[in-house]
Amino acid sequence: STAYLMRHAHADTVPSDTSAYLDDRSLSDEGREKMELSAPFFKSLDIPLEAIIASPMARAVETAEFVARETGLVVQTDELLLPGADPSYYWRALR
């Protein structure tokens, strides 16, 4: 199997009293606009995607939903992809 990794799109500014890794920010208007423009690219690649798995963080789910709409898949979330999780668990989440 092949796994494709994608970072979330541009998110809202980090509140000064919140850790950048633990906050649950949404995508910014800029991030939404860029995903709206770039999401069709995933469909045009004609790659047979089997699943879309995202961190449960709002910005990750929002980014994944743009791709899901283009591919007809449903976004699944996995806490193993949360910031601060042990990287060795990422591969288990992608299996």
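In case you missed it, the structure is sitting above this.
Worth saying up front: this structure is predicted, and the values here are computed from it rather than measured.

### Description of the nonpolar core
Link 1 in the chain: Formed by Ala-9, Leu-27, Met-35, Ala-39, Ile-52, Ala-54, Ala-60, Ala-64, Phe-66, Val-67 and Ala-68, the largest nonpolar core amounts to 11 residues.
Link 2 in the chain: Among the elements of the structure, helix 1 (29-44), strand 1 (52-54) and helix 2 (58-71) are those that each provide at least two residues to this core.
Link 3 in the chain: For this core, the element with the highest residue contribution is helix 2, accounting for five residues.
Link 4 in the chain: In this view, Phe-66 contacts Leu-27, Arg-32, Met-35, Glu-36 and Ala-39; residues no more than four positions away in its chain are not counted.

### A few points about unusual backbone geometry
Link 1 in the chain: At Asp-46, a position not held by glycine, the phi torsion is positive, near 55°.
Link 2 in the chain: By secondary structure assignment, the location of Asp-46 is in the loop between helix 1 and strand 1.
Link 3 in the chain: Judged by relative accessible area, which is 68%, Asp-46 ranks as exposed.

Rules behind the numbers
Residues numbered from 1 in each chain as written. Predicted model: local features only at pLDDT ≥ 70, side-chain atom pairs only at ≥ 80, totals over all residues. Heavy atoms only, no water. Core = buried A, V, L, I, M, F, W, Y, C linked by side-chain atoms within 4.5 Å. Buried < 20%, exposed > 50% of the residue type's maximum accessible area, 1.4 Å probe, protein only. Helix = DSSP H or I, 4+ residues; strand = E, 2+ residues; numbered from the N terminus. Contact = heavy atoms within 4.5 Å.

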